[in-house]
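Overview (structure and organization)
Spelled out from the first residue to the last, the chains are:
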Amino acid sequence: MFAEDDPRLGQLLDGIVRLAAGELHSRIEVSPARDELDAIIMGTNLLAEDLEIIYQELEQRVESRTQLLHQAHEEMRAMALTDSLTGLANRSAFVAALAQAQADAEAAEDRPPPAVVLLDLDAFKSINDTRGHAAGDRVLALVGERIRQAVRETDLVARLGGDEFAVLMPATSATRAAGVGTRILHALNEPIELDNDSIHCGASMGLRIGEPGETAEQLMVEADIAMYASKAEGRSKLKIFEPSMLHARQLRSQLAEDLRSAIADSELVLFYQPIVELASGRIEGVEALVRWNHPERGMVMPDEFLPIAEDAGLMSVLGIWVLRTAIEQLRHWREDGIAPPEMSMRVNIAATDLQRLEFIEEVRDILTRADLSPDLLVLELTEQAIIMGNELDRYSLNSLRKLGVGLEIDDFGTGYSSISYLRRLPVDRVKVDRSILMELGTDPDQPALIAAVLQLIRACGLEAVWEGVETAEQAEYLRSIGCISAQGYYYSRPLAALDMARLLQVDHAPWHHSAGLHPS
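Before going into details, it helps to say that this report is about the structure given with it. (Residues numbered from 1 in each chain as written. Predicted model: local features only at pLDDT ≥ 70, side-chain atom pairs only at ≥ 80, totals over all residues. Heavy atoms only, no water.)

Turning our eyes to something else, we now look at the overall build of the protein. Each helix and strand in the protein was counted, giving 17 helices and 17 strands. Relative to the globule expectation of 24 Å for 520 residues, the C-alpha radius of gyration of the protein, 38 Å, shows a markedly less compact shape. Each of the three principal axes of the protein carries a C-alpha extent, and together these read 140 × 55 × 50 Å. Across the 520 residues that make up the protein, the buried fraction comes to 45%. (Helix = DSSP H or I, 4+ residues; strand = E, 2+ residues; numbered from the N terminus. Rg over C-alpha atoms; globule rule 2.2 N^0.38 Å. Buried < 20%, exposed > 50% of the residue type's maximum accessible area, 1.4 Å probe, protein only.)

Right, here's the structure in full:
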């Protein structure tokens, strides 16, 4: 037993209290006696050493885990602000940086405002459709790198989504910003080498210099407006935002809303232009051309409202209205005994129609309701839309062929054709663009070119309709080289349904060139 007055008992008790309080580095002094009490003291010291080692390891582990958690948090934050495909900033990061740049400019009197460039690629959809999304992703990554190399170190490049990119230039002048934009434009106009093939992409760009009081969202909207102004002027251009562009966008938005109502309220009308058999002069078909009888603006031509319909996602609704109205008109003409039994109706359709699986059934249903044979309908698509189409487009074209509907390439000769394409396309005929005929009679080489185009078309097993015929000489030359059909002002301008009916009544007997209608 221990003596009650042994001072070591107090030291032991005091040491245990310190250990319990967390002072793991403290130790209890061992006496020279080396008795049982000393043994307890030594055991307590050993326990303190073990606890200190464990605590130090625990601290190190907590510190390591804390660093890992911080690193993971930073990585997640970076991922949330980075575009995974290109490694550029994403929309969220760009908007935040733009807002900060605006705040910095307003806080410092002598600091210029930021500038914003928005751009999207002019030919990206066709790249995706013809080469696949993997190739499209590689193009986006290469484009992002080209933009990054064209800007300054202080500029921020972002991919906002799809094929849309943005550049933030903090504290810059309009001249410097335009210079950076021009460098980007030149860089993107250079061909991209992909799988041993050169791809020309190009971009439309809008530039907006910030002003005090504007939010980041306002600046981006105005840069976007400038970008669409660039597209309207032919693409591959840099446009600087002007207030008049905002007014034009507002008018365009209002026209889009008016167009929605016009389709529902029957403000649209169809005009019809004859397609003439050259050998006999007989009308073999008519092309339906849509017009918009606007209650305030009068007759609006398709060149003005079709781009609006495309931007507003109304092309399919508009196209079905045109198709249904044109087929119903043909049915009425046939019932009235006006239209010859073999006369066809030509209707333009949009490339987006081929992307809708229900389009085939809609065509079938419209023909069935009108009790018309499918071969009386010819659907016209632009040359670019057919050639740049994807697998779904080709499926739709083949389905229309099986249905018995005629298919025709419109605007043939505008720069996309090749013999290999023509041989593969599931079409019956091509409509040669009016530009091919324009110089006939003034350019001595033009007759040989026209004959070569006809030979090319026939070599592919197709027939041609020549549009833009405006003179008797043009009509006679086409007939003399064996062309089958033609269309143009020499025969007739597009006519309202009632006027077209009168022309068809005249045409019950063969209509020769000498009886051709001239522009009124």
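With the rule as written, the count across this model stands at 31 salt bridges. Among the ionic pairs, Arg-8 bridges to Asp-35, the shortest N-O distance being 2.7 Å. Placement of the pair is Arg-8 in helix α1 (residues 7-20) and Asp-35 in the loop between α1 and α2 (36-80), with a sequence separation of 27 residues. A salt bridge links Arg-356 to Asp-353; the nearest nitrogen and oxygen atoms lie 3.5 Å apart. Through salt bridges with shared partners, one network takes in Glu-284, Glu-287, Arg-346, Glu-380, Glu-408 and Lys-431. (Salt bridge = Lys/Arg side-chain N within 4 Å of Asp/Glu carboxyl O.)

This next bit is on the sheet that holds strand β1 (residues 115-121). Strand order across the open sheet formed by five strands is β2-β3-β1-β6-β7, with mixed pairing between neighbours. Pairing within the sheet leaves two strands with one partner each, and these edge strands are β2 (156-161) and β7 (238-240). On average, each strand axis in the sheet is inclined to that of its neighbour by 20 degrees, with strand direction left out of account. Together, β1, β2, β3 (164-169), β6 (203-209) and β7 form the strand contacts of helix α7 (residues 216-232), whose direction differs from that of β6 by roughly 140 degrees. (Pairing = 2+ DSSP bridges. Axes fitted to C-alpha atoms, helices over the stretch in contact; angles between N-to-C directions. Contact = heavy atoms within 4.5 Å.)

Proteins that are soluble and globular tend to have nonpolar side chains buried together. Membership of the largest hydrophobic core comes to 84 residues, with the highest contact counts inside it found for Trp-333, Leu-379 and Trp-466. The dominant element in this core, judged by the number of residues it contributes, is helix α10 (residues 315-335), at ten residues. The residues touching Trp-333, leaving out its near neighbours within four places in the chain, are Tyr-272, Val-286, Ile-338, Ala-339, Met-343, Met-345, Ala-497, Met-500, Ala-501 and Leu-504. Within the second largest apolar cluster, 32 residues are counted, among which are Val-117, Leu-121, Ala-203 and Ile-209. (Core = buried A, V, L, I, M, F, W, Y, C linked by side-chain atoms within 4.5 Å.)

Attention now goes to helix α5 (residues 133-150). Across its 18 residues, α5 extends 26 Å between first and last C-alpha, which sits within 8% of the 26 Å expected from 1.5 Å per residue. Every buried residue of α5 is listed here: Ala-135, Gly-136, Val-139, Leu-140, Val-143, Gly-144, Ile-147 and Ala-150. (Expected span 1.5 Å × (residues − 1).)

With respect to the secondary-structure elements, Gln-102 resides in helix α3 (residues 91-107). For Gln-102, a relative accessible area of 5% corresponds to the buried category. If sequence neighbours within four positions are ignored, Gln-102 has contacts with Pro-113, Pro-114, Gly-210, Glu-211, Glu-214 and Leu-219.

The next thing to look at is the packing of aromatic side chains. Scanning the entire structure with this criterion turns up three aromatic pairs. Pairing Tyr-272 with Trp-333 gives two aromatic rings, centres 5.1 Å apart and planes at 70 degrees, and the pair type is edge-to-face. Placement of the pair is Tyr-272 in strand β8 (residues 268-277) and Trp-333 in helix α10, with a sequence separation of 61 residues. On the basis of relative accessibility, which here comes to 1%, the residue Tyr-272 falls in the buried class. On the accessibility criterion, Trp-333 (3% relative accessible area) is buried. Ring centres of Tyr-490 and Tyr-491 lie 5.0 Å apart, and the angle between their planes is 70 degrees; this geometry places the pair in the edge-to-face category. Each member of the pair, Tyr-490 together with Tyr-491, is buried. (Phe/Tyr/Trp six-rings, centres within 6.5 Å; stacked < 30°, edge-to-face > 60°.)

Moving on: the packing of α7 against helix α8 (residues 243-264). Running from amino to carboxyl end, α7 crosses α8 at an angle of 80 degrees, the nearest separation of the two axes being 9 Å. As judged from the angle between their axes, α7 and α8 are roughly perpendicular. For the pair α7 and α8, contact is made by Asp-224, Ile-225, Ala-226, Tyr-228 and Ala-229 and by Met-245, Leu-246 and Arg-249, respectively. Partitioned by chemical class, the residues of the contact of α7 with α8 number six nonpolar, no polar and two charged. (Parallel < 35°, antiparallel > 145°, perpendicular 65-115°, else oblique. Nonpolar A, V, L, I, M, F, W, Y, C, P; charged D, E, K, R; others polar.)

Right, let's get into the pairing of strand β12 (residues 377-382). With five of six residues buried, β12 is to be regarded as a mostly interior element. The sheet contact formed by strand β11 (residues 344-348) and β12 spans four bridges and is parallel. Within the sheet, the bridge partner assigned to Arg-346 lies in β12 and is Val-378. Handedness of the β-α-β unit built from β11, helix α11 (residues 359-370) and β12 comes out right-handed. Where β12 and strand β13 (residues 406-412) come together, five bridges link them in parallel fashion. Its bridge partner lying in β13, Leu-379 is registered against Leu-407. (Right-handed = clockwise from strand over helix to strand, strands pointing away.)

Between its first and last C-alpha, α10 extends 30 Å over 21 residues, near the 30 Å set by a 1.5 Å rise per residue. Just past α10, the residue Gly-337 takes up positive phi, approximately 75 degrees.

Here we take up a nonpolar patch on the surface. Together, Leu-47, Leu-51 and Ile-54 make up a nonpolar patch on the protein surface, roughly 270 Å² of accessible area in all. Mapped onto the elements of the fold, Leu-47 is located in helix α2. (Patch = residues over 30% accessible without salt bridge, like charges linked within 9 Å, V, L, I, M, F, W, Y side chains within 5 Å. Areas by Shrake-Rupley, 256 points an atom, 1.4 Å probe, with all protein chains shown as cover.)

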